[in-house]
Amino acid sequence: MADFRCFILSEGFDYILPPLLKDIDFWFWKARMTSFIKISNFDMWNIFTNAFDFKPRKDWIEREKKMFSLNIRAMKILYSALTENNFEKIRFCYTARDI
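Parameters at a glance
Residues numbered from 1 in each chain as written. Predicted model: local features only at pLDDT ≥ 70, side-chain atom pairs only at ≥ 80, totals over all residues. Heavy atoms only, no water. Buried < 20%, exposed > 50% of the residue type's maximum accessible area, 1.4 Å probe, protein only. Helix = DSSP H or I, 4+ residues; strand = E, 2+ residues; numbered from the N terminus. Arc of directions from axis to C-beta. Polar contact = N/O pair within 3.5 Å; in protein donor to acceptor, adjacent residues only side chain to side chain. Expected span 1.5 Å × (residues − 1). Contact = heavy atoms within 4.5 Å. Axes fitted to C-alpha atoms, helices over the stretch in contact; angles between N-to-C directions. Parallel < 35°, antiparallel > 145°, perpendicular 65-115°, else oblique. Nonpolar A, V, L, I, M, F, W, Y, C, P; charged D, E, K, R; others polar. Core = buried A, V, L, I, M, F, W, Y, C linked by side-chain atoms within 4.5 Å.

Regarding helix α3 (residues 42–49)
Right, so step 1: Buried residues of α3: Met44, Trp45, Ile47 and Phe48, and no others. The buried side chains of α3 occupy one side of the element, clustering within an arc of 145° when seen end-on.
Right, so step 2: Between a side-chain oxygen at the N-terminus of α3 and the backbone nitrogen of aspartate 43 the separation is 2.9 Å; the capping residue is asparagine 41.

Take a look at the structure:
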């Protein structure tokens, strides 16, 4: 049983670890990643579906601070799910939606 659990965790079927995009079909990975992000924080999903406008930080209101924080968390999840080769393709993106 422990061997099976290690397989599940290493393959990203866990709610703590994002699914890794490695030698699997992109559309399968995208569906799993969509579920992972929605389960992690449903508000974070809005970062992917709505554009995030960058304004000078001095002009931010509380909602924009929260959106920026969610954007950074979403980017971290995506970075964790990519291999080094895939990361090279997106390393200059500034928002999770761009990634």
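Structure's up, so let's keep going.
Comments concerning helix α2 (residues 26–40)
Right, so step 1: Helix length check: α2, at 15 residues, gives a terminal C-alpha distance of 20 Å against a target of 21 Å (1.5 Å per residue), a fit within 8%.
Right, so step 2: Among all positions in α2, only Trp29, Arg32, Met33, Thr34, Phe36 and Ile37 are buried.
Right, so step 3: Elements that come into contact with the buried residues of α2 comprise α3 and α4 (62–80).

Points about the packing of α3 against α4
Right, so step 1: In contact at an axis separation of 9 Å, α3 and α4 are set at 85° when each is read in the N-to-C sense. Accordingly, the angle class assigned to the pair α3 and α4 is roughly perpendicular. The residues of α4 that touch α3, namely those facing Asp43, Met44, Ile47 and Phe48, are Lys66, Met67, Leu70, Asn71, Arg73, Ala74, Ile77 and Leu78.
Right, so step 2: Here the residues of the contact of α3 with α4 sort into eight nonpolar, one polar and three charged.

Notes on the nonpolar core
Right, so step 1: Ranked by internal contacts, the top residues of the largest apolar core, which has 23 residues, are Trp29, Met33, Ile37, Phe48 and Ala96.
Right, so step 2: At the level of secondary structure, the elements contributing two or more residues to this core comprise α2, α3 and α4.
Right, so step 3: In terms of residue count, α4 provides more of this core than any other element does, seven residues in total.
Right, so step 4: Contacts of alanine 96, omitting those with residues within four sequence positions, involve Ile47, Phe48, Asn71, Ala74, Met75 and Leu78.

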